[in-house]
Structures are given as C-alpha cells and as structure tokens.
Amino acid sequence: MKVVIVGAGLGGLACAIACRREGIDVEILERSPEIHEFGAGIQVPPNGSRIMREFGLLPQLLEKGSQVQDVHFRRYKDGRLLRTMPCGDDITEEYGTPWVIIHRVDYHRILHDEAMRLGVVLRLGAEVTDISTDETTALLADGTIVVADVIIGADGQMSSVRAAVLEIPVSPVPTGDMAYRAVFSREQLEGLNDDSINELCQKVAVTSWLGPEKHTVFYPVRGGQEFNLVLLRPDNLSSGARKEQGDIDEMRASYADWDPTLQKIISCVPSVYKWKLTHLPELKSWTKGSVAILGDACHPTLPYQAQGAAMAVEDGAVIGKLLGSLQAHILKPRISGVKPSQSTISSAQKLTAEVLALYEKNRKERTTRNVQAAVKNRQLFHMQDGILQKIRDFVLSYAGVTRKTDWTWVLSSRQSQTYGWDVLEDCGKLFEYWKLSIE
Ligand SMILES: Cc1cc2nc3c(=O)[nH]c(=O)nc-3n(C[C@H](O)[C@H](O)[C@H](O)COP(=O)(O)OP(=O)(O)OC[C@H]3O[C@@H](n4cnc5c(N)ncnc54)[C@H](O)[C@@H]3O)c2cc1C
C-alpha cells in the first residue's frame, strides 16, 4: 500500500509516522520549499502525549519540552489568583502521560526527524492543485501526477483535498475571535526588573488571565529561556484575511485596563501578527473513495482547549492503525504471491474506502465534541463582569474538589473523556468489529 499525505504539518507528520510503523510506503507532498512550523509555543495535553508515547517519542518530547506543573487562572483586572490547578505528576498519574509545553518548531522537528528515520519520502515545494478521488491521484502545480492507493489531506484549514472530497469548496467561517501570538526571551522579561514577573518566570506553569470578551495565555518554552504569549480577543481583521501584521499600539490598548503585570509582559512584544480564528460548518463527509482529510482540514477549532493539534495527531495515528490493520489482516493474505486480478484490486479499493469511513466514524464525534467544548470555554472565559462571572469564579475556586486534577468540577467528565480516552484501543475494537462483518 502506498499512502500519499498532502501537508507536512503536525497532523500530516503524525499520520506519516503511524503509517510507516505499519510498514506502509508513505510520501508527503508539502507545498512549502522548506520544512517549517510557526514560531510559537504549543501545549501537548495528555491525549497528545499518549500518541507520542505510542510512537516512542515521549523522551524526545520531554527533553525539548517541559511538564506543566500548574495551571493558574487569574482575574483580568488585578491578576488575582482565581485558582491554581496542580498538573505535574498528578496529571500523569491520572491519564498515564504528561501535559507538556514546548516550542512548536521543536515539536515539529521531533515528528519530522522520526518520519525521516522511518523512511518517509518528503517532497518539498510540491503544491497540490487537484485531487482525483476516482483515480486516487494528486496533481501538482508543476504538472506532475502522483499516484497512490490512499490520499490523506492534512493540508490545514484552506485544504484543497477537502474540496475534492466534498466536490465543492467549503470555506472556513470566522468565529468572531482573533489571536495575537508572540514569543520573547527570558532576558527581555528579566530586563523589566519586576518582582511579580520574575516570580512568574520561575514557574513551569500555564497562566491565563480571564476577562470580558478576552483572555490571554502565557507559558515558558525551551527550558524557560523563551516565553509564549497568546492574546485572544474579538476579531478585527479585514474580512477574508487569515493573518495580518498587527499594530502594537492597538494590541496594548486592547489590554489597557488589565493586570499591570500582564501589561508589562505585553510591553516586551516587539512586533506581532494577528490571526483570524475560524471554524468549518458541519461537513457532510471526510472521505470519498480512498481519499480522506484530517486535522484542521476537517475540524479546526478555537484554541480554547489546547486540543487542535492533539486531535490532528490522534487522527493521523488512527488512520495509520486502521490502514495497517487492513493491510496486514485482510489485503496481504488475499493478494500476496499472485499478480492481483482487476476484481481483486477493485475489492481492495472498496475495502480501503470502508476502512477510511471507519476512521471518520471513529473520529467525528470526538472532534466535534472538542470544537463545541472550545466554544463553551469561550463563554466561560470571556464572561462580562457581573453575577455569572462571580458564580464562575466561585465554581472555579472549588475546582479539584472531585479529583485533584479537575479544572472545573462541573466539567470533570468532559475532561476525562478528552484526556483519558485511548483512541487507538477504541479504533482497534472498531476494526475487529468491521472485520467480522466482512468475513
Ligand atoms: C493561537 C493558537 C494556539 C493554538 N494552541 C494549540 C495548543 O496549545 N495545542 C494544540 O493541540 N493545538 C493548538 N492550536 C491548534 C493547532 O495549531 C492546529 O490545530 C494544528 O497545527 C493543525 O495541524 P494540521 O497538521 O492539521 O494543519 P497545518 O498545521 O495547517 O498543516 C498543513 C500543512 O499543509 C501544507 N499545505 C497546505 N496546502 C497544501 C497544498 N495544496 N499542497 C501541499 N501542501 C499544502 C501547509 O504548508 C502545512 O504545512 C492552536 C492554534 C492557534 C491558532
């Protein structure tokens, strides 16, 4: 079996590794002329680090990243601590794998290096302009046609593979929010000579300030030598733009009445981009024939659960596991040793399409729940001052009542489903069930 993956983002690389680990030939088509990832931090929650452990990459993740020790929620106006949730070993004990913060470039590099080690072929500067779902081929901008048994569109929010799967282009729609993203050095923060900032810099913690219509997230990366800051607020990008150069004064003014400590941190940001945060309407399908889409190509989310990449990586791992099982338990025994007839090939294509439909079945509910939960988090995080906000702060202050690692006890079942669910075991069961149905 040969799988062609469009896009070498985190989801595409995870899918490539998962497929190669099953002995499947993999070629990635990446339009960028060089391997890249955006220069910012990323949180890898336990369900994401579980896949890294499955790939044997947890030591590398922990070497380049850090295990989050605490999550702090603060009031926007004065920085008052609403709640500290212990993470650290409590999270690992409960979910089996740690919560990690890491620089995106380092995370991407770990996945890239593993994909190369396993023999994935990476074609850079290869922009896919069209997909034939009938022929299972990808047309590149230079006219080359790449033939595959399976094509996976891991080509992000503006996916061209999605248009082929759905037979019509479906564009992302604005969520109404945008993000400013910045990374700066420890020296810049220490240069402020501020005790409260120096104290923050000592912690391996994710700190969030919650305020009306906005919130912010701050944490260290690269062993505390750099810090990641994300500021989330109502969108004011031009319509149609996905990313624009931000205006520093506008950014500072957006947080002018916020905690003075946060304002000092913001003063370190030298220049900034702003990103429109978008969603997709519900898609009628993620697969057509032997072509499927994953990650942001099918379920982009508000980043208010730190789950977008974790879900993309899970998608990739599930696809690899399902295609590997199909190859090992069904196709190989039927095909090996003989030149396959046309009818054998057609039957293999039909089975492949069915297995990709299993992938969609396995993943759609979980990822949809994630997208919806991120929207619910927006309501919780961005409350106007008033009675509801007071109730939220009260509830938040009792987080951890049911279990040490609960963020908000009322949502604890949602949290365990997101972090604790073993998606590979689940898809293994689904495959066995399907296999019985075709035998
Ligand atoms: C502010 C912010 C903070 C976030 N924080 C977190 C977090 O803490 N934790 C988390 O898990 N997630 C987080 N996310 C979400 C996460 O970044 C994304 O969900 C994830 O990166 C999506 O990965 P992907 O591989 O699906 O797509 P992408 O990363 O978009 O990769 C797509 C790849 O496809 C290539 N490509 C596109 N079109 C073509 C084509 N036609 N031909 C060939 N190649 C093509 C692109 O060049 C790119 O390399 C955050 C997002 C934002 C905006």
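Residues numbered from 1 in each chain as written. Predicted model: local features only at pLDDT ≥ 70, side-chain atom pairs only at ≥ 80, totals over all residues. Heavy atoms only, no water.

Asks: I would appreciate a short explanation of the overall build of the chain in the present structure.
Replies: What the chain contains, in helices and strands, is 15 helices and 20 strands. Relative to the compact-globule value of 22 Å for 439 residues, the chain shows a C-alpha radius of gyration of 22 Å, a close match. Summarising its shape, the C-alpha atoms of the chain cover approximately 75 × 45 × 40 Å along the three principal directions. Residue burial in the chain is summarised as follows: out of 439 residues, 56% are buried. (Helix = DSSP H or I, 4+ residues; strand = E, 2+ residues; numbered from the N terminus. Rg over C-alpha atoms; globule rule 2.2 N^0.38 Å. Buried < 20%, exposed > 50% of the residue type's maximum accessible area, 1.4 Å probe, protein only.)

Asks: Is there a simple way to think about the side chain of histidine 279 in this case?
Replies: By the secondary structure assignment, histidine 279 is in strand E18 (residues 273–279). Leave out the neighbours within four places in its chain, and histidine 279 touches Pro172, Val173, Thr175, Pro300, Thr301, Leu302, Val371 and Val375. (Contact = heavy atoms within 4.5 Å.)

Asks: Explain the nonpolar core to me, please; I cannot follow it from the model alone.
Replies: As a rule of thumb, soluble globular proteins bury nonpolar side chains together. With 79 residues, the main nonpolar core has Tyr107 and Ile152 as its most contacted residues. Per-element accounting of this core gives the leading share, nine residues, to helix H11 (residues 308–335). Sequence-distant contacts of isoleucine 152, that is, excluding residues within four places in its chain, are made with Val3, Val4, Ile5, Val6, Cys15, Ala292, Leu294, Ile319 and Leu356. Membership of the second largest hydrophobic core comes to 26 residues, among which are Met178, Leu200, Ile248 and Cys268. (Core = buried A, V, L, I, M, F, W, Y, C linked by side-chain atoms within 4.5 Å.)

Asks: Please explain the pairing of strand E15 (residues 214–221) as it appears in this structure.
Replies: Regular strands place side chains that alternate from one sheet face to the opposite one. Of all eight residues that make up E15, eight are buried, and the element is covered over most of its length. Residues Lys214, Thr216, Phe218 and Pro220 of E15 are buried on one face, and the alternating residues His215, Val217, Tyr219 and Val221, pointing to the opposite face, are buried as well. Summarising the sheet, strand E14 (residues 205–211) and E15 pair through five bridges and their orientation is antiparallel. Bridge pairing in E15 links serine 208 to valine 217. Across seven bridges, the pairing between E15 and strand E16 (residues 226–234) is antiparallel. If you follow threonine 216 over to E16, its bridge partner there is leucine 231. Between E15 and E16, which follow one another and run antiparallel, lie four residues, and arginine 222 among them has a positive phi close to 50°. (Pairing = 2+ DSSP bridges.)

Asks: Explanation requested: the site of the ligand in the structure shown.
Replies: Inspection of the region around the ligand gives 34 residues, with Gly11, Glu30, Gln43, Arg104 and Asp296 positioned closest. Between the ligand and the protein, one listed contact pairs a nitrogen atom with a backbone N or O atom of arginine 31 at 3.1 Å. Look at the ligand: alone it shows 1000 Å² of surface, and the protein chains cover 88% of it. The set of elements that each furnish at least two residues to the shell around the ligand consists of helix H1 (10–21), strand E2 (25–30), strand E3 (41–44), strand E13 (173–185) and H11. Counting residues per element, the shell around the ligand draws most heavily on H11, at four residues. For the shell around the ligand, the per-class residue count stands at 16 nonpolar, 11 polar and seven charged. (Near = heavy atom within 4 Å. Polar contact = N/O pair within 3.5 Å; in protein donor to acceptor, adjacent residues only side chain to side chain. Areas by Shrake-Rupley, 256 points an atom, 1.4 Å probe, with all protein chains shown as cover. Nonpolar A, V, L, I, M, F, W, Y, C, P; charged D, E, K, R; others polar.)

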